[in-house]
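Residue strings, one per chain:
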Amino acid sequence: MYRIGRDACKTQIITLFFCFFASFVLLADENKPGGFLDLEPRIEVFQGDWDKADRPDSSAKGWTRLSETSFRADDKREFIWLRAEISKTELTTKPWLLLHPYIQKVTAFVDGKATTAEPVNFWSNPEERPLPHHFIAIPLNTVDLKPSAQNHTIHIRVEPLFHINTFFYLLNERELVHELNFHTALAFSLLAIIAIMAIYNLFLYFSVRDTVYLFYVAASVATLLYSALLTNVQVYVVDAVNAHPKYGFIFGLTSFILHVPLFQRLLDTRKRFARIHRVANVIAVCGVFLLILSPLLTYDLLVAGWIFLAYPMYVGALILAFRLAKTGYRPAIYFVVGWIPFLFAVTMTSLEYASFIRPTDWVSYFIPAALSWEMALFSLALASRIKILRDERDTLQAQQIEVSEKARKALERSNRIKDDFLNAVSHELRTPLHTIQGQLDLLREAPLNREQSDAFRLIEYANLRMTRQVGGILDFVDAQDENLLSSPQVFEPQSLFDLLEYEFREAARAKPLALAFGMDDSVPGKVFMDGLMLEKVLYQLIDNAVKFTPAGGEVLVRASRLADDSVLRILVSDTGPGIPDSQREKVFQAFKQGEAGLTRRYGGVGLGLPLASSLANALGGRMRVLETADKGTTLEVTVPYGDVHQSEFHDPELLSPGAVNQVPRVLVVEDDAGNRMILRKQLEHMGVISEGVQNGLEAVQAAINEPWDMIIMDCQMPVMDGIEATREIRLKAPANLDTPIIAVTANASESYRLQCLEAGMDDYCTKPLRMDKLKCLITHYAENRVVTRAREQRGLKGTLIDT
């Protein structure tokens, strides 16, 4: 629909232009015949030796019949004299002499008497002329003549500044008014078309923001001024009576120079005709130099230079446009349609100028009419060019979208492969680590000699460090993908410090160095935040501090609460080499260390501080280098927490000895037989009854058959995974709708933890699962479940709540 409307608009513009111009031609031709008296057959020109302001004597030799109406000024003759005989009746009925508007200074004499006080100049102000108009009309009835004279002699003195080809018409006042009104309307209508096209395309520039529209507007303005000079209507606004006519052609040269980049854009010469594009640039530069030198050049040299530059450009552009038009390039088609009339007009003007054709009052409109037509068609060519560019842009955008979509799908596929690979690696690494940790927990209570105890501690420390490193790498990948999400729960800060002190005790003793933990009294006993994530942050910082602190040094971990704020502030200080000021930002970049060679000297890959910083940010806190010197560094971690309000309900009957004698029953869901056996042995050591199944489908059936106090659920299992099994239990097992389900999985990613919690699990633990962590789970979930069921059985209400 848009294309139909646009094509209809183009057709209307072309049709209106032709109708407009044709109507003027027909109107002019309809009113001109029979009314005008053409004096050309009677005109005689003086060819003798006479170069004076006074007219030659009528008897002087040299008067010859006018053979051509073309006159050129030369160095030997300043004045050109012409004469004609008319009757008294002709002078009375047609008292106005109408000459070509290009004719320069002219004076008319009737029987030797000047009809005007001053010569009429074609660039003079209309108010200073006998008739205020841009055409040269001279009255012949302003002098006193002999009443008895039946014939009169008209002398015309011309002072040409350049070549002129003119006509000589006698007409009456009515005919003169009609003729001058017609030419005024025609001239200003042609200029209006150019001005409208310029304004229209200026608005298009502000809409499209393509510089080609600026070239069009500039070329239109120069063309408008040039056309005003060609039709001589500039005299209504500019009084330049003493200006040389050659300055009018300066605007034509300017219009030509500005048309060159317009040609280049319309015909796309930069891409299609690179060599011709460069030649056009050279022609434009030569035109600029000619324009600069124009005040110093004579009129003939200026015209010759213009023709030398312009005609090859005009013809060459038309040839290129024909070649492109054959390919269906629409801007080139409009260019050809608009450019051929201009070349025709230039040719006709040149022929008239050289007296190869008869002079006519239409010659001043050849080029302006062609230029207005050209600018209208060029405007359509620009619109077509913009349409092509938009189509190309839309096609390119569609291709880019397609490429982007393919890249997005490839990236998603790559991410899925990466996630699957990491999950597989995590599962394959953590599963044997879980087996090792379980055996270590069972061996911890076995009687060992000193040598066996030392070996046990080294194995336990190596297993713990391996577990931390695997978890750190997976956390770092989540941090890079911005998948780190905290899962706040109630935990005890002091218990976290005790755990970290236990983990690093062996490393500190091996160096040796002093490792001390301090907790300010202002820190609450229980806080609500993601304790597991905070544990990972502090592990990385303490591990770094222990690594970089030399033997005999000291590592101090202090915790306090910011005044009047629920923010935990932890400082980790060491007496290591310190961090130079220039390296403070670098240490938070992945795979970077403070100085070259530190990797070889201290080990590690440079992930500790970047990972700790990302984890701290995920907690809503921040980490920074508080102070550093040559003998140590202090890192500060600040994380917000939620306050925990404790309320207790005491049931003497339940808390008395023997009140609750039920043993917790735990269902262990684990596909690995070795891990399943270790978990059940650990539970047996705690006095807990357990049953084991090897996949999610068996777990759902066991949950439907009987109630359980807690379910330990592995996630990656055959037949049915743990997440799907949890959803089925919550929907289909009435006896276990609110039974605590704990995820014990080898997948340590934060996104996977969220999936487990959203599926209905109550807690999430990663393998390997230590004995003390398992005891905490049994106490917190299974025994509380036993107490709750006992209270329900005895009809008691109320519970022990940690909020």
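Structure: above.
The model shown is predicted, which means the values in this text are computed figures rather than measured ones.

K.L.:
Just give me the short version of the overall build of the chain, but keep the residues and values in it.
P.N.:
Assigned secondary structure in the chain consists of 21 helices and 27 strands. Evaluated residue by residue, the chain yields a buried proportion of 49% over its 803 residues. Considering only residue pairs separated by 6 or more positions, the chain has 76% of its internal contacts joining residues 24 or more positions apart. By element, 58% of the accessible surface of the chain is carried by carbon and sulfur atoms, the whole surface being about 39,500 Å².

K.L.:
I'd like to hear about helix 17 (residues 673-685), residue by residue, with values.
P.N.:
With 13 residues, helix 17 extends 18 Å between its outermost C-alpha atoms, agreeing within 8% with the 18 Å of an ideal straight helix rising 1.5 Å per residue. Along helix 17, the positions that sit buried rather than exposed are Asn 675, Arg 676, Ile 678, Leu 679, Gln 682 and Leu 683. Seen from one end, helix 17 has its buried residues packed into an arc of 165 degrees, which puts them on one side. For helix 17, the N-terminal cap is Asp 672; the gap from its side-chain oxygen to the backbone nitrogen of Gly 674 is 3.2 Å. Just beyond helix 17, the residue with positive phi is Gly 687, at close to 85 degrees.

K.L.:
How would you summarise the sheet that holds strand 23 (residues 689-693) if you had to cite specific residues and measurements?
P.N.:
Spatially, 23-22-24-25-26 is the arrangement adopted by the five strands of the open sheet, whose pairing is parallel. Sheet topology places strand 23 and strand 26 (763-766) at the edges, where each strand pairs with a single neighbour. Mean inter-strand twist for the sheet, computed between neighbouring axes without regard to direction, equals 20 degrees. Bridge analysis of strand 24 (residues 710-713) against strand 25 (residues 741-745) gives three bridges, and the strand direction is parallel. Looking across to strand 25, one finds that Ile 711 is bridged to Ile 741. Along the sheet face, helix 19 (residues 722-732) touches strand 24 and strand 25 and points at about 155 degrees away from the line of strand 24. Sheet strands touched by helix 20 (residues 750-759): strand 25 and strand 26. Its angle to strand 26, the strand with the most contacts, is close to 145 degrees.

K.L.:
Any chance you could break down unusual backbone geometry for me, citing the residues and the numbers?
P.N.:
Trans peptide bonds make up most of the peptide bonds, and negative phi angles are found at most residues other than glycine. For the bond from Lys 511 to Pro 512, the omega torsion is -5 degrees, close enough to zero to count as cis. Mapped onto the fold, Pro 512 is located in the loop between helix 12 (493-510) and strand 14 (514-519). The phi angle at Asp 268 is positive, at roughly 55 degrees, despite the residue not being glycine. Tracing the backbone shows Asp 268 in the loop between helix 5 (246-267) and helix 6 (269-272).

K.L.:
Run through the pairing of strand 22 (residues 665-669), naming residues and quoting values.
P.N.:
With four of five residues buried, strand 22 is to be regarded as a mostly interior element. Traced from strand 22 through helix 17 to strand 23, the parallel crossover comes out right-handed. When strand 22 meets strand 24, the two strands line up parallel, connected through four bridges. Bridge pairing in strand 24 links Val 666 to Met 710.

K.L.:
For the packing of aromatic side chains, give the residues involved together with the corresponding values.
P.N.:
Summed over the entire model, instances satisfying the criterion amount to 18 aromatic pairs. One aromatic cluster in this structure is built from Phe 256, Phe 263, Tyr 311, Tyr 314, Phe 335, Trp 339, Phe 342 and Phe 378. Above the ring of Trp 63, the side-chain terminus of Arg 83 is found at 4.2 Å from the ring centroid. Cation over ring: Arg 665 sits above Trp 708, and NZ or CZ is 4.2 Å from the ring centre.

K.L.:
Any details on the side chain of Lys 94? Residues and values, ideally.
P.N.:
Positionally, Lys 94 belongs in the loop between helix 2 (88-93) and strand 6 (96-99). A distance of 3.2 Å separates polar atoms of two side chains, one belonging to Lys 94 and the other to Glu 175. Not counting residues up to four positions away in its chain, the partners in contact with Lys 94 are Gly 35, Leu 37, Leu 170, Leu 171, Asn 172 and Glu 175.

K.L.:
I'd like a description of the sheet that holds strand 20 (residues 642-643), backed by residues and values.
P.N.:
Strand order in the open sheet made by the three strands is 13-15-20, with antiparallel pairing throughout. Bordering the open sheet on either side are strand 13 (489-491) and strand 20, each of which pairs with just one other strand. Of the pairings in the sheet, the one linking strand 15 (residues 527-529) to strand 20 comprises two bridges and is antiparallel in character. Looking across to strand 20, one finds that Val 527 is bridged to Asp 643.

K.L.:
Describe the pattern of salt bridges, listing the residues and the values that go with them.
P.N.:
Inspection of every chain in the model, using the stated rule, returns 20 salt bridges. A salt bridge links Asp 530 to Arg 753; its shortest N-O distance comes to 2.7 Å. One end of the pair, Asp 530, is in the loop between strand 15 and helix 13 (531-548); the other, Arg 753, is in helix 20, with 223 residues separating them in the sequence. For the pair formed by Asp 530 and Arg 753, the shared burial category is buried. With its nearest N and O atoms 2.7 Å apart, the salt bridge here joins Lys 732 to Glu 728.

K.L.:
Report on helix 20, specifying residues and quantitative values.
P.N.:
Buried within helix 20 are the following residues: Glu 750, Tyr 752, Arg 753, Cys 756 and Ala 759. Once helix 20 ends, the next one or two residues include Gly 760, with phi positive near 120 degrees.

K.L.:
Please set out the nonpolar core residue by residue, giving values where relevant.
P.N.:
By size, the foremost hydrophobic cluster in this structure holds 62 residues, and its most contacted members are Phe 256, Phe 335, Trp 339 and Phe 342. Counting only elements with at least two residues in this core, the list comes to helix 3 (173-208), helix 4 (211-231), helix 5, helix 7 (274-293), helix 8 (299-326), helix 9 (330-353) and helix 10 (363-443). One finds Leu 496, Phe 517, Leu 568 and Leu 615 within the second-largest nonpolar core, a separate group that totals 41 residues.

K.L.:
Tell me what's going on with a nonpolar patch on the surface, and back it up with residues and numbers.
P.N.:
Nonpolar side chains collect at one region of the surface, where Val 285, Val 288, Phe 289, Ile 292, Leu 293 and Leu 296 lie side by side and expose about 600 Å² of accessible area between them. Among the secondary structure elements, Ile 292 is positioned in helix 7.

K.L.:
Describe in detail the pairing of strand 5 (residues 80-87), supporting the description with residues and values.
P.N.:
In terms of residue burial, strand 5 counts as a mostly covered element, since six of its eight residues are buried. Two strands pair when backbone bridges link them, and strand 2 (residues 44-46) and strand 5 are joined in this way by two bridges, in the antiparallel orientation. Opposite Val 45, over in strand 5, you have Leu 82 as the bridge partner. Both strand 5 and strand 10 (residues 151-159) contribute to a ladder of eight bridges, which runs antiparallel. Opposite Ala 84, over in strand 10, you have Ile 154 as the bridge partner.

K.L.:
Would you mind going over the environment of Ala 510 in detail, with residue names and values included?
P.N.:
Within the element layout of this structure, Ala 510 appears in helix 12. A relative accessible area of 62% places Ala 510 in the exposed class. Between the C-alpha atoms of Ala 510 and Ala 551, which are 41 residues apart in sequence, the distance is 9.1 Å.

The rules behind these values
Residues numbered from 1 in each chain as written. Predicted model: local features only at pLDDT ≥ 70, side-chain atom pairs only at ≥ 80, totals over all residues. Heavy atoms only, no water. Helix = DSSP H or I, 4+ residues; strand = E, 2+ residues; numbered from the N terminus. Buried < 20%, exposed > 50% of the residue type's maximum accessible area, 1.4 Å probe, protein only. Contact = heavy atoms within 4.5 Å. Areas by Shrake-Rupley, 256 points an atom, 1.4 Å probe, with all protein chains shown as cover. Expected span 1.5 Å × (residues − 1). Arc of directions from axis to C-beta. Polar contact = N/O pair within 3.5 Å; in protein donor to acceptor, adjacent residues only side chain to side chain. Pairing = 2+ DSSP bridges. Axes fitted to C-alpha atoms, helices over the stretch in contact; angles between N-to-C directions. Right-handed = clockwise from strand over helix to strand, strands pointing away. Phe/Tyr/Trp six-rings, centres within 6.5 Å; stacked < 30°, edge-to-face > 60°. Lys NZ or Arg CZ within 6 Å of the ring centre and 35° of its normal. Salt bridge = Lys/Arg side-chain N within 4 Å of Asp/Glu carboxyl O. Core = buried A, V, L, I, M, F, W, Y, C linked by side-chain atoms within 4.5 Å. Patch = residues over 30% accessible without salt bridge, like charges linked within 9 Å, V, L, I, M, F, W, Y side chains within 5 Å.

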